[in-house]
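Summary of the model geometry
Listed below, chain by chain, are the residues.
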Amino acid sequence: MISEIYDVIVVGGGHAGCEAAAAAANMGSKTLLVTMNMQTIGQMSCNPAMGGIAKGQIVREIDAMGGYSGQIADKSAIQFKMLNLSKGPAMWSPRTQNDRMLFAQEWRLALENTPNLDFFQDMVKSLLIENNTAVGVVTALGIKIKSKSVILTNGTFLNGLIHVGDKQLGGGRMGEPKAFGITEQLVSLGFSSGRMKTGTPPRVDGRSLDYSKMEEQKGDENPGKFSYLPSPALETQRSCHITYTNERVHEILREGFDRSPMFNGTIQSIGPRYCPSIEDKINRFAERTRHQLFVEPEGWKTIEVYVNGFSSSLPEDIQVKAMKEIPGFENVKVFRPGYAIEYDYFPPTQLLHTLETKLVQNLYFAGQINGTTGYEEAAGQGLMAGINAHNKVHGKAEVVLNRNEAYIGVLIDDLITKGTDEPYRMFTSRAEYRLLLRQDNADIRLTEKSYNFGLANAERLERVQEKIKQSNELETFLKETSLKPGIINPVLASIESSPVDQAYKAAQILTRPNMYLSKLDEIDFIRDFSKNYTQEVREQAEINIKYKGYIDKERENVSKLLRMETIKISEDFDFSKIVSLSSEAKIKLEAVRPRTIAQASRISGVSPADINVLLIYLGR
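Now for a quick tour of the structure. All values derive from a computational prediction rather than experimental measurement. (Residues numbered from 1 in each chain as written. Predicted model: local features only at pLDDT ≥ 70, side-chain atom pairs only at ≥ 80, totals over all residues. Heavy atoms only, no water.)

Digging into the overall build of the protein chain
Looking only at helices and strands, one finds 21 helices and 24 strands in the protein chain. Against the compact-globule benchmark of 25 Å for 620 residues, the protein chain has a radius of gyration of 26 Å, which places it among compact chains. Projected onto its principal axes, the C-alpha positions of the protein chain cover 80 × 70 × 50 Å. Each of the 620 residues in the protein chain was classed as buried or not, and the buried ones make up 57%. Here the protein chain displays about 25600 Å² of accessible surface, and carbon together with sulfur accounts for 49% of that area. Seen as two clouds, the 74 positive and the 76 negative side-chain charges of the protein chain have centres 2 Å apart. (Helix = DSSP H or I, 4+ residues; strand = E, 2+ residues; numbered from the N terminus. Rg over C-alpha atoms; globule rule 2.2 N^0.38 Å. Buried < 20%, exposed > 50% of the residue type's maximum accessible area, 1.4 Å probe, protein only. Areas by Shrake-Rupley, 256 points an atom, 1.4 Å probe, with all protein chains shown as cover. Lys, Arg positive; Asp, Glu negative; His and termini not counted. Charge placed at Lys NZ, Arg CZ, Asp CG, Glu CD.)

Structure, rendered in structure tokens:
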């Protein structure tokens, strides 16, 4: 037995585990990260990229709160793109293409330089539980390690089973063994478990590809970054490429359907709806003659390439034969075929909003064990589990982000309240207040809150306070500055906007369609003032002015929601005794055990009539 008693033990070194360990340790907990392989800490198991639609918002939220994912993504980025710029700012989503090896290396270095954090390499086969409380772990070597709390972030390793055609092998990733024992123990304690599936595409030799037959996808001309902290700009970037499957590719893939574990009954678990395998695409969308593929470099110097969009568990010979019919892939050399992997997960309705389990105290789940898919979703959960595990063992208040505060709050509330029977992925459409939860204002929303409970440092707080101050200055200038017709009409004419016949405030002009602060900069005295502010501050001020009416409306809706959040439901409330509740509502409410009326209203199967019954019963 290791004699030291830790405050927090984190099991698993993936994205959830890394953020959980960093958060707990940085807040002052003596923390131990237990991983099966020290060489794969922070590994990008699937695509070499961070962020994307809604996911980019999560990475910025993690960074705003003092997590590491944004900084690691910036340090290892080989390309940056802001997605959805043709749409409103609620949809803008940052994304980096990353150097896979450098990303893991930067995570390892960041964790090794984190005070209070120890490491141990071994598989955890069971938990130590006393008086219905997690008090440590037991490793495969039989070593007992005591702690005051445990966070499980097992990824795809719990009884992981890899499929390539009719071949199967146990593993959590190709070339790495599965983990066993934890599922069986938790089920014996009363937990419900299930199986999910995910997949990954082939990796190929970039030297064997003909990029002249593909569409080049360059990064942004002026690349941004994830972290709100200062860091060097991305001066050079690597391009990605786009190519397409065709009817010949689809014909070849269909030849292997009888040997596909997806279609012959070998795999019965559910895979990610929004990231289907190539065989699933051509089966479900048989009318389509082609599907888009993104050809993504794995790093600055490596020749390895990731074929995004060609995830497959078909036999390797079928995968190679079909790829050779893709434009640019005629002479492709495959490093390793795509594969599917099945793994255990635990329906997340068994958790509290802190990610602590309802059945065992001081035991937390984060990441794919909760039925999510994606690095960013996992990292966000890991951050919150680490924060709450630290607070619990030190007698401090729980930290829960509301749906109007963060995408992370939407993610966790969805999981806890609605559950999931398929891999959960975040989208902007899941957030009802997405105009408030933009990627540009994550620091304004979350940094002070995080500083107050002890994670974000003083530098972060000072930076966000200065950003708010400068943004307010610029907004005030634009609201108070009048523009006479002779000054503004030439600018309006250049965007084919109606001329004015009297003076208007610059802020009023800015609200016009196709009018931007960069366009107003054509007026000398506006440019002379606004040039003193960073692009980040200019963007903040511009959004606040252009979308003020919409933002105010969403804040009004939030106020109504928060009134529902203040109506608490006691932990021992007996829903079964309320005769007027529907039978389905009783079952769902007993299963989820909502803490507030607002949470109860979001449970599938609980009707507005049921909510009214609860309100009457609670005297409201």
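Structural notes on helix α21 (residues 608-617)
Listed in full, the buried residues belonging to α21 are Asp 610, Ile 611, Val 613, Leu 614 and Leu 615. Packing partners of the buried residues in α21 comprise α18 (548-565), α19 (583-592) and α20 (597-601). With its phi angle positive at about 80°, Gly 619 sits one or two positions after the end of α21. (Contact = heavy atoms within 4.5 Å.)

Considerations on the side chain of Asn 391
Checked against the element boundaries, Asn 391 lands in helix α9 (residues 375-393). Sequence-distant contacts of Asn 391, that is, excluding residues within four places in its chain, are made with Met 27, Lys 396, Ala 397 and Val 399.

Brief notes about the side chain of Arg 95
Positionally, Arg 95 belongs in strand β6 (residues 93-98). A distance of 2.9 Å separates a polar atom in the side chain of Arg 95 from a polar atom in the side chain of Gln 97. In this structure Arg 95 touches Asn 47, Ala 49, Met 50, Gly 51, Gly 52, Gln 79, Phe 80, Lys 81, Leu 83, Phe 226, Glu 296 and Asn 308, once residues within four positions along its chain are discounted. (Polar contact = N/O pair within 3.5 Å; in protein donor to acceptor, adjacent residues only side chain to side chain.)

Structural notes on the packing of aromatic side chains
For the coordinates displayed, the defined rule picks out nine aromatic pairs. Aromatic pair Tyr 68 and Trp 107: ring centres 5.8 Å apart, planes at 45°, arrangement tilted. Taken together, the residues Tyr 68 in the loop between α2 (55-64) and α3 (69-75) and Trp 107 in helix α4 (residues 100-112) connect sequence positions 39 residues apart. Taking the relative accessible area as the measure of exposure, Trp 107 reaches 0% and is therefore buried. These aromatic residues form a ring-pair network of at least three members: Phe 191, Phe 346 and Phe 365. The ring of Tyr 228 carries the charged tip of Arg 60 above its face, separated from the ring centre by 4.1 Å. The cationic tip of Arg 288 hangs over the ring face of Phe 285; the distance from NZ or CZ to the ring centre is 4.8 Å. (Phe/Tyr/Trp six-rings, centres within 6.5 Å; stacked < 30°, edge-to-face > 60°. Lys NZ or Arg CZ within 6 Å of the ring centre and 35° of its normal.)

Some words on the sheet that holds strand β1 (residues 2-6)
With mixed pairing, four strands are arranged side by side in an open sheet as β1-β10-β9-β8. At either end of the open sheet lies a strand with only one pairing partner, and these are β1 and β8 (124-130). Along the sheet, successive strands turn relative to each other by an average axial angle of 25°, direction set aside. Here strand β9 (residues 133-139) runs beside strand β10 (residues 144-147); their pairing, made up of three bridges, is antiparallel. The partner of Val 137 across the bridge, within β10, is Ile 145. (Pairing = 2+ DSSP bridges. Axes fitted to C-alpha atoms, helices over the stretch in contact; angles between N-to-C directions.)

Remarks on the state of the cysteines
Across all of its chains, the model carries zero disulfides by this definition. Residue Cys 18 stays outside any disulfide, its sulfur separated by 17 Å from that of Cys 46, the closest cysteine. Taking relative accessible area as the criterion, Cys 18 reaches 0% and is therefore assigned buried. (Disulfide = S-S within 2.5 Å.)

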